[in-house]
Amino acid sequence: MNDALVNILLRQEILNENCKNIEQLSRGIANIADNSFKCHYTTLILINSAMICGVSAFMNSYPKTMVVLSNVTKPIWRKSKQFILFGYNLENITYLLRWLQKYNYDNTGNFIIICQSSQTDECDEREAVKILWTHKIVNVIFVNLTDNGTGYTYDIDSFCENGPPIKVKNWDHCLKFGMKCTMQFPLKLKNLYGCPITVSTFFQPPYMQLTDGLPSGADGDLLLILAKSLNASLTIRTPWIGDGWGNREKNGNWVGSLGDLYYNLANFSMTSASITETRSEDFQMSKFYRNLKLVWVTHPKIKEASTYKLMRPFKPSSRAALFISFIIFILVFMVCRTKNVKAMFKTVKILSAPTKSLFYYFQICLGQPVAVQTKKTRILSFLLIWIFYCFLIRTFYQVHLINSLKTDVYLTNFVSIHDAIRDKYNFGGGLALKDYYIDEQVIYNNWEGVNSSDYYDIMNNLTEGKKFVLAMNLATAKHYLKQPGKKLHVLPQRIVTSPTAIFFNKFSPLVRPINKILDRLIECGILGMLFQNATTSRYIYKKK
């Protein structure tokens with residue numbers, strides 16, 4: 001009985017001593033976290049309910065905002081990118097990681113994981129690295145109690161698996177002088193050692209062109225730069241189900257390039273896709289690296305008949321006034337031919353042959369030379385006024401006629417999609433673009449979905465006069481119009497100017513290294529140069 005009591009007391013003494021060591025270690029880790037974590041993010045502290053050694057010490061030493069939870073509670077804060085995990089052994093830590101995964105916490109955030117068991121096999125850093133790799137957690141410091149607390153991290157190895165545990169540099173110094181430690185979480189996956197990355201995309205000039213599996217174009221050249229910078233072997237695939245950018249169907253399934261990403265058939269999707277609410281909900285995006293202008297295009301504008309150009313110099317009001325003046329002239333001419341008017345002219349001796357003088361006026365109006373055979377001042381004055389009137393009309397007409405003959409007038413000149421709807425045109429495009437008109441039920445409910453593989457045929461049909469309005473990106477439309485004989489009418493009204501990004505599955509560890517590369521390319525202006533080179537080339541648009 002006494003031996004059993006001694007053993008219990010001894011075990012309790014060991015446990016108390018172990019807790020003292022963990023508390024001291026937690027204070028040092030709090031200082032490291034204070035200098036490594038960002039103050040504008042709330043730190044999530046997750047503990048195992050059976051072991052709470054060191055948590056109070058950490059909380060008392062960590063000055064930034066924090067939320068404390070256990071894996072048996074429901075989450076109350078999901079926006080954290082900084083995590084402190086207290087677990088007794090690797091089994092407990094695995095439960096905590098599964099809990100984070102279940103509630104969709106950001107596994108690409110910064111993690112400090114403290115394994116508190118004094119048994120080496122229960123907190124083995126090599127096994128811990130395998131577990132962390134399985135849960136796609138790479139920005140991590142794993143701490144066990146060996147050598148009074150040692151921090152480990154890891155990276156990918158040349159076999160495309162998790163590498164061995166690596167002791168964190170300056171760890172002992174940071175534990176001892178935490179307030180003076182400037183250690184940050186190093187960027188991981190900068191070098192993939194030739195490991196394959198699979199990218200889902202599709203043929204979309206001038207952004208992406210595929211020749212024998214090799215990409216080119218604005219996005220294609222960028223993709224080659226990313227693969228070389230990451231030291232990765234590149235594998236290109238086109239959508240397994242559907243085609244084009246991809247959209248979420250009514251049953252919740254994704255198709256197209258984003259469908260490949262959603263079902264883990266690709267590491268990321270690169271299609272210069274615009275940003276929509278549905279896409280941002282289900283996927284993670286890189287930094288925005290370009291703008292995409294989405295517009296409406298339809299058949300070429302129909303020219304008005306050339307004969308109408310003769311009437312274009314005059315506005316409708318001018319046409320009406322001119323028409324009335326000639327009608328008055330004809331009526332006067334007809335009235336002057338009546339017997340009563342002729343008798344009146346003879347009585348007052350104004351004109352001996354009025355019909356002949358009126359014929360002179362008509363000749364003058366037509367610009368013909370006239371030999372007037374009269375010496376009466378009143379007749380000559382009226383004739384002079386009539387000549388001046390005809391001269392002004394003819395001069396103004398000729399001046400404006402020159403511009404009218406040079407200018408083409410079009411009968412169909414849509415400015416917005418509403419003009420096309422008014423003229424009973426069908427319209428549509430990629431189903432994802434439909435989301436931009438969710439508040440305009442007339443457009444949303446009558447939208448016709450178009451596959452990306454059908455865009456080329458539709459543009460050909462539009463060139464030939466098909467009555468349809470197609471939603472598409474402006475760069476592709478301009479690239480198509482470079483071909484001889486291809487004509488489209490681009491409506492002035494834009495659908496949206498959307499930033500473009502590379503799409504990843506939620507919380508992909510590749511986001512941070514790719515964003516780092518994009519930052520450098522954007523700052524150097526390389527992306528603008530790639531786009532300019534792709535859009536100014538004379539590449540012939542061929543259907544694939």
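Since the structure is predicted, the reported quantities are computational estimates derived from the model, not experimental observations. (Residues numbered from 1 in each chain as written. Predicted model: local features only at pLDDT ≥ 70, side-chain atom pairs only at ≥ 80, totals over all residues. Heavy atoms only, no water.)

Visitor: Can you help me understand the packing of helix α6 (residues 217–229) against helix α17 (residues 511–524) in this one?
Guide: To characterise two packed helices, one gives the angle between the axes of the helices and the distance between these axes. It is at 11 Å that the axes of α6 and α17 come closest, and there the two elements cross at 120°. The angle between α6 and α17 places the two elements in the oblique class. The hand of the α6/α17 crossing is right-handed. Along the contact surface, α6 presents L222, I225, L226 and S229, while α17 presents I514, I517, L518 and L521. Its residues placed into classes, the contact of α6 with α17 shows seven nonpolar, one polar and no charged. (Axes fitted to C-alpha atoms, helices over the stretch in contact; angles between N-to-C directions. Helix = DSSP H or I, 4+ residues; strand = E, 2+ residues; numbered from the N terminus. Parallel < 35°, antiparallel > 145°, perpendicular 65-115°, else oblique. Left-handed = near helix turned anticlockwise from the far one by under 90°. Contact = heavy atoms within 4.5 Å. Nonpolar A, V, L, I, M, F, W, Y, C, P; charged D, E, K, R; others polar.)

Visitor: Please clarify how unusual backbone geometry should be interpreted in this entry.
Guide: Excluding glycine, a negative phi dihedral is what most residues carry, and trans is how most peptide bonds are arranged. Across the junction of P205 and P206, the peptide omega takes the value 5°, indicating a cis bond. Positionally, P206 belongs in the loop between β8 (196–200) and β9 (209–211). You will see that N264, though not glycine, has its phi angle at about 60°, which is positive. In this fold, N264 is placed in the loop between α7 (257–262) and β14 (268–269).

Visitor: Which parts of the structure should I look at to understand the pattern of salt bridges?
Guide: When the charged atoms of two side chains with opposite charge come close together, those side chains can pair. By the definition in use, this model includes twelve salt bridges. With a shortest N-O distance of 3.7 Å, K64 and D34 are connected by a salt bridge. Of this pair, K64 sits in the loop between α2 (55–61) and β2 (66–70) while D34 sits in helix α1 (residues 2–36), and the two are 30 residues apart along the sequence. Between R422 and D419 there is a salt bridge whose closest N-O contact spans 3.4 Å. Linking R422 with D419, this pair stays in helix α13 (residues 417–422), spanning three residues, or about one helical turn. (Salt bridge = Lys/Arg side-chain N within 4 Å of Asp/Glu carboxyl O.)

Visitor: Please clarify how the pairing of strand β6 (residues 150–153) should be interpreted in this entry.
Guide: Look at any regular strand and the pattern is simple: side chains alternate between the two faces of the sheet. Residues T150 and Y152 line one face of β6 and the alternating positions G151 and T153 line the opposite face, and both faces are buried. Examined bridge by bridge, strand β5 (residues 140–144) and β6 share three bridges and lie antiparallel to one another. When the bridges of β6 are listed, F142 appears paired with Y152. Linking two consecutive strands that pair antiparallel, namely β5 and β6, is a turn of five residues; a positive phi of about 55° is found at D147 within it. Looking at chain direction, β6 and strand β7 (residues 166–167) are connected through two bridges and run antiparallel. Within the sheet, the bridge partner assigned to Y152 lies in β7 and is K167. (Buried < 20%, exposed > 50% of the residue type's maximum accessible area, 1.4 Å probe, protein only. Pairing = 2+ DSSP bridges.)

Visitor: Looking at this model, I keep getting lost on the sheet that holds strand β3 (residues 82–87). Mind explaining?
Guide: Pairing between the strands of a sheet is mediated by backbone hydrogen bonds and can be parallel or antiparallel. Strand order in the open sheet made by the seven strands is β2-β1-β3-β4-β5-β6-β7, with mixed pairing throughout. Each of the sheet's edge strands pairs with one partner strand only, and the pair in question is β2 and β7. The strands that helix α4 (residues 125–134) touches are β4 (110–115), β5 and β6; relative to β5, the one it contacts most, it runs at about 150°.

Visitor: Explain the side chain of Q284 here, please?
Guide: As for its placement among the helices and strands, Q284 is situated in strand β15 (residues 283–285). Among residues more than four places away in sequence, those in contact with Q284 are I502, F503, F504, N505, K506, F507, S508 and V511.

Visitor: Can you help me understand the nonpolar core in this one?
Guide: The nonpolar side chains of a soluble globular protein tend to be buried with one another. The biggest cluster of nonpolar side chains holds 27 residues, and the ones touching the most others in it are L85, L97, L100, Y105, F111 and I113. Secondary structure elements with two or more residues in this core: β1 (43–47), β2, β3, α3 (90–102), β4, α4 and β5. If one sorts the elements of this core by residue count, α3 sits on top with six residues. L97 has contacts with L85, I113, I131, L132, H135 and I137, leaving out every residue within four places of it along the chain. (Core = buried A, V, L, I, M, F, W, Y, C linked by side-chain atoms within 4.5 Å.)

Visitor: Sorry if this is basic, but what is going on with α6 here?
Guide: Note that an α-helix has 3.6 residues per turn; residues three or four places apart therefore point the same way. The end-to-end C-alpha distance of α6 is 18 Å, a good match for the 18 Å that 13 residues give at a rise of 1.5 Å each. For α6, the set of buried residues is G217, A218, D219, G220, L222, L223, L226 and A227. Immediately downstream of α6, the backbone of N231 shows phi near 55°, a positive value. (Expected span 1.5 Å × (residues − 1).)

Visitor: Would you mind showing me how to read helix α18 (residues 526–536) here?
Guide: Looking at α18, one finds that the buried residues are L527, L530 and A534. Along the long axis of α18, the arc covered by the buried residues comes to 60°, so they all point the same way. (Arc of directions from axis to C-beta.)

Visitor: Can you help me understand the state of the cysteines in this one?
Guide: Among covalent bonds in proteins, the disulfide is the one between the sulfur atoms of two cysteines. Per the stated rule, a full pass over the model turns up two disulfides. Note that C115 is cross-linked by a disulfide to C123, the S-S spacing being 1.8 Å. The disulfide joining C115 to C123 has a torsion of about -75° about its S-S bond and is therefore left-handed. For C123, a relative accessible area of 2% gives the class buried. Between the sulfur atoms of C160 and its disulfide mate C195 the distance is 2.1 Å. (Disulfide = S-S within 2.5 Å.)

Visitor: Can you walk me through the sheet that holds strand β18 (residues 448–449) in this structure?
Guide: Within the open sheet, the five strands sit side by side as β18-β17-β19-β16-β20. Their pairing is mixed. The sheet terminates laterally at β18 and β20 (489–500), the two strands that pair on one side only. Its contacts with the sheet put helix α15 (residues 455–463) on β16 (290–298), β17 (426–429) and β19 (468–473), and the angle it makes with β19 is roughly 135°. Sheet strands in contact with helix α16 (residues 474–481) are β16, β19 and β20, and its direction is about 110° off that of β19.

Visitor: Hey, could you run me through a nonpolar patch on the surface in this one?
Guide: Taken together, F323, I324, I327, I328, L331 and V332 make up a surface patch of nonpolar side chains, about 550 Å² in accessible area. Note on placement: I327 falls in helix α9 (residues 316–336). The class of I327 is partly exposed, set by a relative accessible area of 33%. (Patch = residues over 30% accessible without salt bridge, like charges linked within 9 Å, V, L, I, M, F, W, Y side chains within 5 Å. Areas by Shrake-Rupley, 256 points an atom, 1.4 Å probe, with all protein chains shown as cover.)

Visitor: Would you explain the environment of K466 in this entry?
Guide: Relative to the helices and strands, K466 is located in the loop between α15 and β19. For K466, a relative accessible area of 37% translates into the label partly exposed. Taking the C-alpha atoms as reference points, K466 and P300, 166 residues apart in sequence, are found 9.3 Å from one another.

Read these as layout, nothing more, since geometry by itself doesn't imply function.
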